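# Chains, contacts and geometry: an overview
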Amino acid sequence: MIIQLSTDIDKGSLELILSRIQEIGYKATEVSTQIGGYLVCIGKKDFDIRSVGNLKGVVDIHRVSDDYKLVSRKWKVNPTKIDLGDGVEISEGGLAIMAGPCSIESEEQIEKTVRQLLANDVRIMRGGVYKPRSSPYSFRGLGMDGLKSFYRICKENGIKVITEVMQVSQVDPMHDYVDIYQVGARNSQNFNLLDALGKVDKPVLIKRGLSGTIDELLQSAEYVFSNGNEKLILCERGIRTYEKAYRNTLDLNAVPILKEKSHLPVIVDPSHGIGIRKFVEPMALAGIMCGADGLILEMHETPEKAFSDGQQTLDFNEFEQMISKVRKAFELHKNF
Ligand code: PEP
Ligand code: MN
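These remarks concern the structure in this document. (Residues numbered from 1 in each chain as written. Chains lettered and ligands numbered in written order. Predicted model: local features only at pLDDT ≥ 70, side-chain atom pairs only at ≥ 80, totals over all residues. Heavy atoms only, no water.)

In this section: the overall build of the chain. The number of helices and strands found in the chain is eleven helices and 14 strands. The C-alpha atoms of the chain give 21 Å as radius of gyration, which agrees with the globular expectation for 336 residues (20 Å, within 12%). Across its three principal axes, the chain shows a C-alpha extent of roughly 65 × 40 × 40 Å. The proportion of buried residues among the 336 residues of the chain is 55%. (Helix = DSSP H or I, 4+ residues; strand = E, 2+ residues; numbered from the N terminus. Rg over C-alpha atoms; globule rule 2.2 N^0.38 Å. Buried < 20%, exposed > 50% of the residue type's maximum accessible area, 1.4 Å probe, protein only.)

Given below as structure tokens:
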């Protein structure tokens, strides 16, 4: 059960609501976000919700039986809209495109990528400065120095930055240099990290874990929301299955399911999803046609020289061609 509280609720009214919930035999957790105040109440007993709904300070009350509650669509009528400022938004019915290299490599690379994004009217650049790599001997990213250049060049050009945060200790230092924190597949259930990201006022994109279920992804989002941050984006990036013909199995089934279950925007990552450059485009188009609110893509001027994930990275020309098809697919889908 979710109780939405009025923003100007007084202490006495809150205490009354809490004692009523306790009487009924429910356990209440208070959640206060950038946007509102909530009580998430867990219990089994059937009761007349009007007996709480009528109390002073209650805006609305909803039964939500799922394990995840605040991220559920069952209580929130309007889907979540992520406003990044300067007219850049991620929301249901929109087409948010994030593109850039797997890893940030140099200022020259950032500048070239920014120019390519601007030429294609793409307003969000991706790029890792802390890289989770299967081998400890692979390139692990340029760290904070790389992030500072990345953010500065993007800001000068009106481009927003999304980059991966790998651990709790990076959350604060990165804060002023990101527009969206990315939680990688390997950290999808790093609950300490999710708790920490719940305490910041910046959007968080959470990727589905390598073997994470849809329900687990939603519960990861619930961690962030219940710690105070409503600005969340979900990302399907492929899961590990028995199939070896491609890097991951991009589970596009997850898109309509997530959209039905949650009010959060859903983004598809076809680059990691299939892991093969020439097939990124068809999977990106498929993602749009099944209702994704956007895409996150790997792009590099010379993918064969990329420090990481070159095999699944589009070159500038491939990117340009793909973007024009993606926009057509988006219009087609919108007008179905
Ligand atoms: C990435 O975006 O480069 C990345 C490491 O993604 P994932 O966490 O999905 O593997
Ligand atoms: Mn990558």
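The subject of this paragraph is the pairing of strand S14 (residues 294-298). On any regular strand, side chains alternate: one points to one face of the sheet, the next to the other face. With five of five residues buried, S14 is to be regarded as a mostly interior element. Burial along S14 is two-sided: Gly294, Ile296 and Glu298 and Leu295 and Leu297, pointing in opposite directions, are all buried. With two bridges connecting them, strand S13 (residues 266-268) and S14 associate as parallel partners. Across the sheet, residue Val268 finds its bridge partner in S14, namely Leu295. (Pairing = 2+ DSSP bridges.)

What follows is about the coordination of the manganese ion (ligand 2). Within the protein, Cys102 (SG), His272 (NE2), Glu298 (OE) and Asp309 (OD) serve as the donor atoms for the manganese ion (ligand 2), at 2.0 to 2.4 Å. Spacing between the donor residues of the manganese ion (ligand 2) along the chain follows C-x169-H-x25-E-x10-D. A residue pair is termed long-range when its members are at least 10 positions apart, and His272 in helix H9 (residues 270-274) and Asp309 in the loop between S14 and helix H11 (316-334) qualify at 37 residues. Each member of the pair, His272 as well as Asp309, is classed as buried. (Donors = N, O, S within 2.8 Å, 3.2 Å for Na, K, Ca; no water.)

In spatial order, the strands read S2-S3-S1-S4; together these four strands make up an open sheet with antiparallel pairing. Two strands bound the open sheet, and with one partner strand each, they are strand S2 (27-32) and strand S4 (58-62). When the angles between neighbouring strand axes are averaged without regard to direction, this sheet yields 20 degrees. Across four bridges, strand S1 (residues 2-5) lies against strand S3 (residues 37-42) in antiparallel orientation. Considered in S3, the bridge of Leu5 is made with Gly37. Together, S1, S2, S3 and S4 form the strand contacts of helix H1 (residues 11-24), whose direction differs from that of S3 by roughly 10 degrees. (Axes fitted to C-alpha atoms, helices over the stretch in contact; angles between N-to-C directions. Contact = heavy atoms within 4.5 Å.)

If you trace the eight strands once around the closed barrel, you get S7-S8-S9-S10-S11-S12-S13-S14, paired in parallel fashion. Taken over all neighbouring pairs, the strand axes of this sheet differ in orientation by 25 degrees on average, direction set aside. Seen against the sheet, helix H7 (residues 214-226) touches strand S11 (204-207) and strand S12 (232-236) and runs at an angle of roughly 160 degrees to S12.

Around ligand 1 sit 13 residues, and of these Arg126, Ala185, Arg186, Lys207 and Arg237 come closest. Between an oxygen atom of ligand 1 and a side-chain N or O atom of Lys207, the distance comes to 2.9 Å. Within the side chain of Arg237, a nitrogen or oxygen atom sits 2.6 Å from an oxygen atom of ligand 1. Alone, ligand 1 offers 300 Å² of accessible surface; in the complex the protein occludes 98% of this. Among the detected pockets, ligand 1 sits in the largest pocket. Taken together, the residues that form the shell around ligand 1 break down as three nonpolar, three polar and seven charged. (Near = heavy atom within 4 Å. Polar contact = N/O pair within 3.5 Å; in protein donor to acceptor, adjacent residues only side chain to side chain. Areas by Shrake-Rupley, 256 points an atom, 1.4 Å probe, with all protein chains shown as cover. 1 Å grid on protein atoms, 1.4 Å probe; cavity = no way out; pocket = protein on both sides within 12 Å on 5 of 7 lines; lining within 4 Å. Sits in = over half its atoms within 2 Å of the grid points. Nonpolar A, V, L, I, M, F, W, Y, C, P; charged D, E, K, R; others polar.)

Structurally, Lys74 is set in the loop between S4 and strand S5 (82-85). Residues Lys74 and Val64, spaced ten residues apart in sequence, show a C-alpha to C-alpha distance of 6.4 Å. Setting aside residues up to four positions removed in sequence, Lys74 forms contacts with His62, Val64, Ser65 and Asp66. At 3.1 Å, the side chain of Lys74 forms a polar contact with the side chain of Asp66.

With that settled, consider the packing of aromatic side chains. Tallying each qualifying case throughout the model produces six aromatic pairs. Taking the centre distance of 5.3 Å and the plane angle of 75 degrees together, the rings of Tyr26 and Phe47 count as edge-to-face. Taken together, the residues span a long stretch of sequence, with Tyr26 in the loop between H1 and S2 and Phe47 in the loop between S3 and helix H2 (50-53) at a distance of 21 residues. The class for Tyr26 is buried, based on a relative accessible area of 10%. Given a relative accessible area of 12%, Phe47 falls into the buried group. Seen from their ring centres, Tyr38 and Trp75 are 5.4 Å apart, and the 70 degrees between their planes marks the pair as edge-to-face. One end of the pair, Tyr38, is in strand S3; the other, Trp75, is in the loop between S4 and S5, with 37 residues separating them in the sequence. Each of the two residues, Tyr38 as well as Trp75, counts as buried. For the cation-ring pair, Arg63 lies above Phe47, with the distance from its terminal atom to the ring centre recorded as 5.5 Å. (Phe/Tyr/Trp six-rings, centres within 6.5 Å; stacked < 30°, edge-to-face > 60°. Lys NZ or Arg CZ within 6 Å of the ring centre and 35° of its normal.)

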